[in-house]
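A structural walkthrough
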Amino acid sequence: MTKRNKIIIGVGAALICLIGLCWLPGKESDDNRQPVAQVAPFEVDGGWGYKIILDGQPFIYQNIIPGVPGKHVFKTRENAVKVGQRVAEKIVHNEMPSISREELLAMHITDFQ
Amino acid sequence: MRYLKGYCLLLMASLAACSKSSTSTTYLGNWVKKRPQYRGVARSNAASFVIGNKAYVGTGYDGNDRLKDFWAYDVDQNMWTNVAPFDGPARSGAVGMAIGTKGYIGTGYDGINKLNDFYEYNPDANAWTRKADFGGTPRYGAVAFGLKDFGYIATGYDGNWQVDNWEYNPATNSWTQAQAMISGKRQDASAFVIGNKAYVCMGTANSTFITDFYVFDGDTKSWATLNSIDNVSDSSFDDSYNFKGSGAASFAIGGKGYIVSGTKGSLSSAVWEYNPQNDRWTQKTDFEGAARTGATGFNVKDRGFVVLGVSNNQPFDDMLEFYPNAEYNKND
């Protein structure tokens with residue numbers, strides 16, 4: 001095999017690989033991007049709730065305290081923001097954005113008791 | 001140079017082999033990704049029910065743990081609310097249905113045991129109450145549907161594949177064995193409700209996909225056999241039927257039923273529409289999300305959605321809405 005033939009084979013193989021790569025299904029580029037989550041507290045039923053705005057769009061609407069039975073509202077704006085921020089942190093870290101009773105108590109949120 | 005000519009031919013041949021989409025058939029229907037997309041609620045084999053303008057989705061398996069959190073999706077607001085967690089043990093492969101203004105979740109698998117417990121969710125109180133245990137054997141991979149004032153749990157896997165059907169009466173909090181599905185023991189089947197009838201198809205047993213297709217009439221409380229979902233008849237109508245599989249998502253809108261994705265040996269993106277008027281299936285635009293199994297389908301206010309599911313151990317959280325009569329647009 002001559003040197004020229006080797007070069008041709010090499011270039012041909014590289015072209016085929018390149019084309020193959022271009023043909024792979026494009027993985028969504030924003031898959032592993034860190035989302036931007038903001039907390040927007042609002043007044044509801046004599047207390048407070050929060051929205052989580054994800055990448056500029058409302059995503060979670062929490063007019064009741066999450067993670068516990070019953071329709072309770074946060075007694076203060078601060079409490080709503082505190083729990084909302086915890087949810088936003090979870091979203092930014094790609095964790096499950098659910099809140100449990102234990103987590104509420106750990107944050108000294110007892111508005112539902 | 002004659003070698004170069006050879007390589008050029010080889011290159012062209014490989015290009016031709018790669019260009020697959022230009023000759024494929026296009027089908028009617030458009031999938032629209034709901035924004036924002038977020039992977040945090042990702043899970044498979046969740047359970048769900050629909051009350052009013054909200055779909056309630058919860059439990060399931062995230063690849064490490066079985067879950068008990070529950071979320072309400074408001075289709076008008078396109079927003080989720082974290083509601084009271086499921087009151088029973090965390091589980092996957094449970095089933096859910098709505099009866100009147102309340103939701104019900106039962107059966108499933110907690111990672112060790114097959115389950116037969118059964119719970120009611122009251123959205124007005126945002127509270128769960130344990131109800132009478134499911135009347136059949138503990139199981140997972142069943143189907144459930146609500147028809148008028150009753151709920152039903154049928155088929156599933158209890159160590160063996162089942163074909164039985166149980167009716168729950170919320171007025172008396174009791175289970176009665178209803179007429180069993182005619183044949184076709186299975187798990188991970190798909191069910192959708194049109195009018196006062198529940199259609200049950202797909203599913204697997206003994207490593208074989210089940211092709212029998214039945215409808216349960218909530219008025220006569222009896223099953224009838226429909227045309228098989230495989231190419232088994234001498235007529236031509238079923239020549240293209242190639243969608244037998246399991247773990248597909250399902251919903252019904254506009255008086256038609258839809259079967260989406262699932263596994264057919266390998267994962268499939270295929271979507272098929274069932275018309276109960278003539279007992280015929282039509283292929284629609286492929287699911288635009290990644291092909292998956294264990295996804296959740298639901299219909300709210302005559303709009304159809306597919307959420308969650310898993311592929312190659314990667315649980316999904318994305319949500320897509322299907323417009324069956326729209327032209328396909330890949331950019332929405």
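In this text the structure is predicted, and so the values were computed from the model without any measurement. (Residues numbered from 1 in each chain as written. Chains lettered and ligands numbered in written order. Predicted model: local features only at pLDDT ≥ 70, side-chain atom pairs only at ≥ 80, totals over all residues. Heavy atoms only, no water.)

Quick notes on the overall build of chain B
Using the following cut-off: Numbering of helices and strands starts at the N terminus; helices are DSSP runs of H or I of at least 4 residues and strands are runs of E of at least 2. When accessible area is computed with a 1.4 Å probe and restricted to protein chains, residues below 20% of their type maximum are described as buried, those above 50% as exposed, and intermediate ones as partly exposed. Each accessible area is a Shrake-Rupley estimate made with a 1.4 Å probe; only the visible protein chains count as cover when residues are assessed.
Counting its secondary structure elements, chain B contains one helix and 30 strands. Out of the 332 residues in chain B, the part that is buried amounts to 55%. Accessible surface, chain B: about 13,700 Å² in total, of which carbon and sulfur atoms supply 47%.

Some details on the overall build of chain A
What counts, and what does not: Note on contacts: a residue pair is in contact if any heavy atoms of the two residues lie within 4.5 Å.
The secondary structure content of chain A amounts to three helices and three strands. Secondary structure of chain A in N-to-C order comes out as α-β-β-β-α-α. Here chain A, with 113 residues, has 40% of them falling under the buried criterion. When contacts within chain A are restricted to residue pairs at least 6 apart in sequence, long-range pairs at least 24 apart make up 46% of them. Element-wise, carbon and sulfur atoms account for 57% of the exposed surface of chain A, whose accessible area totals about 6,600 Å².

Description of unusual backbone geometry
Residue and element names in this part refer to chain B. Backbone geometry at Ser207 places phi at a positive 60°, although glycine is not the residue there. Its place among the elements puts Ser207 in the loop between strand 16 (204–205) and strand 17 (208–209). In the Ramachandran plot, Asp302 falls in the positive-phi region, its phi being about 60° despite a non-glycine side chain.

Describing the confidence of the model for chain B
The condition that has to hold: What pLDDT conveys is the predictor's confidence in a given residue, as a value from 0 to 100.
Predicted confidence across chain B gives a mean pLDDT of 91, with 91% of residues reaching 70 or more. Under a pLDDT of 50 for its full length, residues 15–23 of chain B has, in the predicted model, four contacts with residues more than four places off or in other chains.

Brief notes about the sheet that holds strand 12 (residues 161–169) of chain B
All names here are of chain B. In plain terms, the rule: Any two strands are treated as partners once DSSP identifies two or more bridges connecting them. Axis angles are defined between N-to-C directions and span 0 to 180 degrees, where every axis is a line fitted to C-alpha atoms and, for a helix, only to the segment in contact.
If you trace the four strands from one edge of the open sheet to the other, you get 10-11-12-13, paired in antiparallel fashion. The open sheet is flanked by strand 10 (143–147) and strand 13 (174–178), the only strands paired with a single partner. Looking at each pair of strands side by side, their axes are set apart by 25° on average, direction ignored. Sheet analysis places strand 11 (residues 150–157) next to strand 12, joined by six bridges and oriented antiparallel. Pairing of Ile153 across the sheet is with Trp166, part of strand 12.

A look at the confidence of the model for chain A
Residues and elements named next belong to chain A. Residues of chain A with pLDDT of at least 70 account for 71%, and the chain-wide mean is 82. When the elements of chain A are averaged for pLDDT, helix 1 (residues 3–23) gives the smallest value, 56, and helix 3 (residues 101–106) the largest, 97. Taken together, the stretch residues 17–30 has pLDDT below 50 and engages in seven contacts with residues farther than four places along the chain or on a different chain.

Regarding the sheet that holds strand 9 (residues 127–131) of chain B
Residue and element names in this part refer to chain B. Read across the sheet, four strands follow the order 6-7-8-9 without closing on themselves; strand pairing throughout is antiparallel. Both outer strands of the open sheet, strand 6 (95–99) and strand 9, are each paired with one neighbouring strand and no more. Strand after strand, the sheet turns through a mean of 25° between neighbouring axes, direction not considered. For strand 7 (residues 102–109) and strand 8 (residues 114–122), the ladder comprises six bridges, and the chain directions are antiparallel. Residue pairing for strand 8: Gly103 is matched across the bridge by Tyr121.

Brief notes about the pairing of strand 26 (residues 296–300) of chain B
Residues and elements named next belong to chain B. Counting buried positions over the five residues of strand 26 gives four, a clear majority of the element. The pairing of strand 26 with strand 27 (residues 303–307) spans five bridges and is classified as antiparallel. Paired with Val300 across the bridge in strand 27 is Arg303. Between strand 26 and strand 27, which pair antiparallel and follow one another directly, the connecting turn spans two residues, one of which, Lys301, has a positive phi of 50°.

What to know about the environment of Pro89 of chain B
Residue and element names in this part refer to chain B. Along the chain, the position of Pro89 falls in the loop between strand 5 (79–83) and strand 6. The exposure class of Pro89 is partly exposed, given its relative accessible area of 38%. Taking C-alpha positions, Pro89 is 9.3 Å from Thr59, a pair spaced 30 residues apart along the chain. When residues no more than four places from it in sequence are discounted, the contact partners of Pro89 are Asp117 and Tyr119.

Brief notes about the environment of Gly106 of chain B
Residues and elements named next belong to chain B. Within the secondary structure, Gly106 sits in strand 7. Counting along the chain gives 10 residues from Gly106 to Asn116, while the straight-line C-alpha distance between them is 6.5 Å. Once residues within four sequence positions are removed from consideration, Gly106 is found in contact with Arg91, Ala94, Val95, Asp117 and Phe118.

Here we look at the side chain of Thr204 of chain B
Residue and element names in this part refer to chain B. Here Thr204 shows up in strand 16. On the basis of relative accessibility, which here comes to 14%, the residue Thr204 falls in the buried class. Filtering out sequence-adjacent residues up to four positions away, Thr204 remains in contact with Trp161, Arg186, Gln187, Phe209, Ile210 and Ser246.

Quick word on the nonpolar core
Using the following cut-off: The definition of a nonpolar core used throughout is a set of buried Ala, Val, Leu, Ile, Met, Phe, Trp, Tyr and Cys residues joined through side-chain atoms within 4.5 Å.
In terms of nonpolar packing, the biggest core is built from 34 residues, with Phe74, Val83, Ile91 and Leu104 of chain A together with Phe298 of chain B touching the most fellow members. Elements with a contribution of two residues or more to this core: strand 2 (47–54), strand 3 (57–62) and helix 2 (77–92) of chain A together with strand 3 (54–58), strand 4 (70–74), strand 26 and strand 27 of chain B. Ranked by the residues each element gives to this core, the list is headed by helix 2 of chain A, at five residues. If we skip the residues at most four places from it in the chain, Phe74 of chain A touches Gly47, Trp48, Gly49, Tyr50, Ile65, Pro66, Asn79, Ala80, Val83, Ile109 and Asp111 of chain A. Within the second largest apolar cluster, 18 residues are counted, among which are Phe192, Ala248, Ala252 and Trp281 of chain B.

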